Amino acid sequence: MTKFIIRRLVLGALTVLAITFVMFVFQQLLPDKPYALLINRPNQSQAQIEAIKARFGADTPFLNQYAVFLKNISKPFWTWWGWPPHAPNPPDLGESVPLHTTVYDEISIRLPATAELMITSYIFTLLVAVPIGIISAVKQYSRLDNTVTSLSFVGISIPNYWFGTMLIYAFAVFPYEHGLGNIFPSGGQHSNGVDSGLLDLAWHLVLPVIVLAVQSVASYARFIRSAMLEVLSQDYIRTARAKGLAGKRVVIRHAFRNSLLPFITLMGLDIPTLFVGAIITEVVFNWPGMGQLFVSSASANDFPILIGIALILSMLVVIGNLIADVAYTWADPRISYEKR
């Protein structure tokens, strides 16, 4: 298993390396450079323009710029060497000219808010979708199954921005207009922009989590139902029931566990999908995370920030696939990577 994980990490690192090269090439081909705001200032002398280009390394050949870029983003891996051990330096992802700060500092401020939203939404999705999918499969063609199937199609089809707007009106705007007060806040991470504790954060998380999780709950429930129905029709399930095993044990211990493999693949691939879905949700609810940062950076042509976000997204894809591969061995002990 250790060799397999190391091999997958190496392949993942090569994948991220290829992605960084493609992104860096696109940045070089764009007409507007990251330092355009500095160069286009009035009354700039040629010497000042050349100094700005040298500051951003734009006066060197392309491959030299890319080598410096790789060296800067890999700082955590080579700066911790030495004795006595010390904390590694953070990655240098460049400078954001519009925000007057470094890319790392801005992302480190925004990333925890997005992580809170994603993790809470992921947990909520699993807690709701898994029981619904199992019950729907066990009670196939029942009234509950038909209801779940219908609601799943509705949930998959609802656009996040529309659903979020409707929830804001139903639970924040409408009650306030009729003197009932806000049942849930219309946006933000904390009341009055000040950290007021865990309960206040949970109160602000309710609506964004529902919006971000509704499509995942619908698709997961349908997927689990289909996988469970396929497993429940197998001979070993009928044999387990014929031996007198309890119905719950047959469903959970045998049927559900054997239907986990395709579901684990879906869960691993869905980690970066949640990150992308959070962009729309954060804009609708004014959530101060990576989604807000992505939209504002795209509007301001802040390419270093966009490259940093794309780098995080590519790493989530690699990590999600690695987690799924490792989870296979837990779901099915017959799977082993020792001889691979």
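The shown structure was predicted, so the numbers you read here are calculated from the model rather than taken from an experiment.

S.K.: Which residues make up the packing of aromatic side chains, and what values go with them?
M.R.: Summed over the entire model, instances satisfying the criterion amount to 9 aromatic pairs. Here the aromatic rings of Phe21 and Phe62 are separated by 6.0 Å at their centres, their planes lie at 75 degrees, and the arrangement is edge-to-face. Of the two residues, Phe21 sits in helix α1 (residues 2-29) while Phe62 sits in helix α4 (residues 62-73), which places them 41 residues apart along the sequence. The class of Phe62 is partly exposed, set by a relative accessible area of 29%. Members of the aromatic cluster, each reached through a chain of ring pairs, are Phe21, Phe24, Phe62, Tyr66 and Phe69.

S.K.: How would you explain the nonpolar core if you had to name every residue and give the values?
M.R.: Membership of the largest hydrophobic core comes to 54 residues, with the highest contact counts inside it found for Ile107, Leu117, Ile134, Met228, Phe263, Phe275 and Met290. Broken down by element, the residue count for this core peaks at 11 residues, all from helix α9 (residues 198-232). When residues no more than four places from it in sequence are discounted, the contact partners of Met290 are Ile107, Arg110, Leu111, Thr114, Phe275, Glu282, Ile309 and Ile312. If you look at the next biggest cluster of nonpolar residues, it comprises 10 residues, including Phe163, Phe184, Leu207 and Val214.

S.K.: Pulling in residues and values, what's your account of α1?
M.R.: In an α-helix, one full turn covers 3.6 residues, which means residues spaced three or four apart are oriented alike. Across its 28 residues, α1 extends 41 Å between first and last C-alpha, which sits within 8% of the 40 Å expected from 1.5 Å per residue. Among the residues making up α1, those that are buried are Phe4, Gly12, Val16, Thr20, Met23, Phe24 and Gln27.

S.K.: Quick one: what's the story with α9, residue by residue and with numbers?
M.R.: For α9, with 35 residues, the first-to-last C-alpha span of 42 Å runs short of the 51 Å given by 1.5 Å per residue. Of all the bends found along α9, the most pronounced is centred on Ala213 and spans about 40 degrees.

S.K.: Give a description of the packing of α9 against helix α12 (residues 260-284) that names residues and reports values.
M.R.: Relative orientation and spacing of two packed helices are given, respectively, by the angle between their axes and the distance between those axes. Contact geometry for α9 and α12: axes closest at 10 Å, N-to-C directions at 155 degrees. Between α9 and α12, the crossing angle belongs to the class labelled roughly antiparallel. Judged by the sense of rotation from one axis to the other, the crossing of α9 with α12 is right-handed. Between α9 and α12, the contacting residues are Pro208, Val211, Leu212, Ser216, Tyr220, Phe223 and Ile224 on the first element and Pro262, Phe263, Leu266, Met267, Asp270, Leu274, Gly277, Ala278 and Thr281 on the second. Taken together, the residues of the contact of α9 with α12 break down into 12 nonpolar, 3 polar and 1 charged.

S.K.: Describe the pattern of salt bridges, naming the residues involved and giving the relevant values.
M.R.: Taken as a whole and judged by the stated rule, the model has 3 salt bridges. Across the salt bridge formed by Arg225 and Asp145, the nearest N and O atoms sit 2.7 Å from each other. Here Arg225, found in helix α9, pairs with Asp145, found in helix α7 (residues 143-157); they are 80 residues apart in sequence, far enough to count as distant. No difference in accessibility class separates Arg225 from Asp145, as the two residues are buried.

S.K.: Pulling in residues and values, what's your account of unusual backbone geometry?
M.R.: With the exception of glycine, most residues fall at negative phi, and the peptide bonds are largely trans. Although it is not a glycine, Tyr141 adopts a positive phi angle of roughly 65 degrees. Inspection of the secondary structure assignment puts Tyr141 in the loop between α6 (103-138) and α7. In the Ramachandran plot, Asn301 falls in the positive-phi region, its phi being about 55 degrees despite a non-glycine side chain. By the element assignment, Asn301 lies in the loop between α13 (290-299) and α14 (303-331). Here Asn301 falls in the partly exposed class, since its relative accessible area comes to 37%.

S.K.: I'd like to hear about a nonpolar patch on the surface, residue by residue, with values.
M.R.: Where nonpolar side chains cluster on the molecular surface, the patch consists of Ile6, Val10, Leu11, Leu14 and Leu17 and spans about 440 Å² of accessible area. Relative to the assigned elements, Leu17 resides in helix α1.

S.K.: An account of the layout of surface pockets is requested, with residue identities and associated values reported.
M.R.: Of the volumes computed, that of the largest pocket is approximately 670 Å³. Taken together, the elements giving at least two residues each to the lining of the largest pocket come down to α1, α4, α5 (75-78), α6 and α14. With 7 residues, the single largest contributor to the lining of the largest pocket is α1. When the residues that make up the lining of the largest pocket are grouped by side-chain class, the tally is 19 nonpolar, 5 polar and no charged. Together, 21 residues line the second largest pocket, and Phe24, Gln27, Phe56, Gly57 and Gly94 are the ones closest to its centre. Those elements giving two or more residues to the lining of the second largest pocket turn out to be α1, α4 and α14. It is α4 that provides the largest number of residues to the lining of the second largest pocket, a total of 4 residues. Per-class residue counts for the lining of the second largest pocket are 10 nonpolar, 7 polar and 4 charged.

S.K.: Any details on the environment of Gly155? Residues and values, ideally.
M.R.: Residue placement: Gly155 occurs in helix α7. With relative accessibility at 6%, the residue Gly155 sits in the buried group. Note: C-alpha distance between Gly155 and Val217 (62 residues apart in sequence) is 7.9 Å. Ignoring any residue separated from it by four or fewer positions in sequence, one finds Gly155 in contact with Val214, Gln215 and Ala218.

Calculation criteria
Residues numbered from 1 in each chain as written. Predicted model: local features only at pLDDT ≥ 70, side-chain atom pairs only at ≥ 80, totals over all residues. Heavy atoms only, no water. Phe/Tyr/Trp six-rings, centres within 6.5 Å; stacked < 30°, edge-to-face > 60°. Helix = DSSP H or I, 4+ residues; strand = E, 2+ residues; numbered from the N terminus. Buried < 20%, exposed > 50% of the residue type's maximum accessible area, 1.4 Å probe, protein only. Core = buried A, V, L, I, M, F, W, Y, C linked by side-chain atoms within 4.5 Å. Contact = heavy atoms within 4.5 Å. Expected span 1.5 Å × (residues − 1). Bend = angle between axes of the 7 residues up to and from the residue. Axes fitted to C-alpha atoms, helices over the stretch in contact; angles between N-to-C directions. Parallel < 35°, antiparallel > 145°, perpendicular 65-115°, else oblique. Left-handed = near helix turned anticlockwise from the far one by under 90°. Nonpolar A, V, L, I, M, F, W, Y, C, P; charged D, E, K, R; others polar. Salt bridge = Lys/Arg side-chain N within 4 Å of Asp/Glu carboxyl O. Patch = residues over 30% accessible without salt bridge, like charges linked within 9 Å, V, L, I, M, F, W, Y side chains within 5 Å. Areas by Shrake-Rupley, 256 points an atom, 1.4 Å probe, with all protein chains shown as cover. 1 Å grid on protein atoms, 1.4 Å probe; cavity = no way out; pocket = protein on both sides within 12 Å on 5 of 7 lines; lining within 4 Å. Points joined across faces, edges and corners; volume = space filled by probe spheres on them.

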